[in-house]
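What follows is each chain in one-letter form.
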Amino acid sequence: MIKAIIFDLDGVIVSTDDLHYKSWKHMADREHIFFNEKINDRLRGVSRMASLEIILEQSTKTYSDEEKIELAAYKNDYYKELLNSLTKDHILPGVMDVLKTLKEKQFKVAIGSSSRNAKFILKQIGLFDYFDAISDGTNIKHSKPAPDVFLIAAEKLNIEPTFCLVVEDAISGIEAASRAQMSSFGVGDAKTSKLATYTSSDIRDLLKYI
Ligand code: B16
Ligand code: MG
């Protein structure tokens, strides 16, 4: 029996892919590091510092830890500038229908995101007060595919993990849900995950399974 739905943020509630891409590209160009959309695809659901390591695979220079922190901050400052233009119009199709139906049916809803900017993004799109709990990049040690972000969301909701269903667009996020003993609904990239309990290209199909 499902009592709570935990939503990933980027790629499920709102698409910030392009903003992440522009911001990493801004940093990569300054450093003369090759970066393209294909590499950007590998960053989905991955934490900021782990994303940086993937980008630095293309560099011949070895960066110190301090330099890496500066590179990540440079990217994030630019990303936050871009996030200022985010509004409720950027909420992905079907999301509001699903959220409203879940509230009517009295399911608990939470966010389980790797992003340290999750609360800012939720405020920008007007959904900060909508969720019963928010677990994000600021409260975890290990990011997806580790189960931490979803286990903390369940704990904040006071609901057993096995009663939770995760909605994810990243394959690493579906693995995290599975490791948390939660069922999962994969959209986008995550549709190809063999570990997903359910998959669809339309988030509204989630309502068929609960
Ligand atoms: P930040 P999610 C993830 O969010 C993004 O998919 C991923 O591309 C990003 O690197 C990560 O958040 C960290 O984001 O730099 O804002 O802390 O999909 O888990 O909601
Ligand atoms: Mg995502």
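Structure's up top.
Calculation rules
- Residues numbered from 1 in each chain as written.
- Chains lettered and ligands numbered in written order.
- Predicted model: local features only at pLDDT ≥ 70, side-chain atom pairs only at ≥ 80, totals over all residues.
- Heavy atoms only, no water.
- Core = buried A, V, L, I, M, F, W, Y, C linked by side-chain atoms within 4.5 Å.
- Buried < 20%, exposed > 50% of the residue type's maximum accessible area, 1.4 Å probe, protein only.
- Helix = DSSP H or I, 4+ residues; strand = E, 2+ residues; numbered from the N terminus.
- Domains from an automatic or database assignment.
- Near = heavy atom within 4 Å.
- Polar contact = N/O pair within 3.5 Å; in protein donor to acceptor, adjacent residues only side chain to side chain.
- Areas by Shrake-Rupley, 256 points an atom, 1.4 Å probe, with all protein chains shown as cover.
- Contact = heavy atoms within 4.5 Å.
- Pairing = 2+ DSSP bridges.
- Axes fitted to C-alpha atoms, helices over the stretch in contact; angles between N-to-C directions.

## Re the nonpolar core
Judged by nonpolar contacts, the single largest core of 33 residues is most densely connected at F7, I13, L127, F131 and V167. Listed by contribution, the elements that provide at least two residues to this core are β1 (4–7), α4 (65–83), α5 (95–104), β2 (108–112), α6 (118–124) and β4 (164–168). Among the elements that make up this core, the one with the highest residue count is α5 (4 residues). When residues are assigned to domains, this core turns out to be shared by domain 1 (4–15 + 90–209) and domain 2 (17–83), each giving three or more. Among the nonpolar cores identified, the runner-up in size contains 17 residues, and A133, A153, L157 and M182 belong to it.

## With respect to the site of ligand 1
Neighbouring ligand 1 are 18 residues, the closest being V46, S113, S115, R116 and N117. Note that an oxygen atom of ligand 1 is positioned 2.9 Å from one of the backbone N or O atoms of G45. Contacts to ligand 1 include S115, whose side-chain N or O atom sits 2.7 Å from an oxygen atom. Look at ligand 1: alone it shows 460 Å² of surface, and the protein chains cover 98% of it. Looking at the shell around ligand 1, the elements that each hand over two or more residues are α3 (48–56) and α4. Shared between two domains, the shell around ligand 1 takes at least three residues from each, and those domains are domain 1 (4–15 + 90–209) and domain 2 (17–83).

## Some points on the side chain of N40
Its location among the elements puts N40 in helix α2 (residues 37–41). When residues no more than four places from it in sequence are discounted, the contact partners of N40 are D17, H20, Y21, W24 and F35.

## Regarding the sheet that holds β1
Two strands in a sheet stick together by hydrogen bonds in their backbones, pointing the same way (parallel) or opposite ways (antiparallel). One open sheet accounts for 6 strands, arranged β3-β2-β1-β4-β5-β6; its pairing is parallel. Strand pairing shows two members of the sheet lacking a second neighbour, β3 (133–135) and β6 (198–199), which therefore form its edges. Of the strand pairs in this sheet, β4 and strand β5 (residues 183–186) are connected by 4 bridges, and their pairing is parallel. Within β5, the position partnered with L165 by the bridge is S183. Lying over the sheet, α5 contacts β1 and β2, oriented at roughly 155 degrees with respect to β1. Seen against the sheet, helix α8 (residues 171–179) touches β4 and β5 and runs at an angle of roughly 165 degrees to β5.

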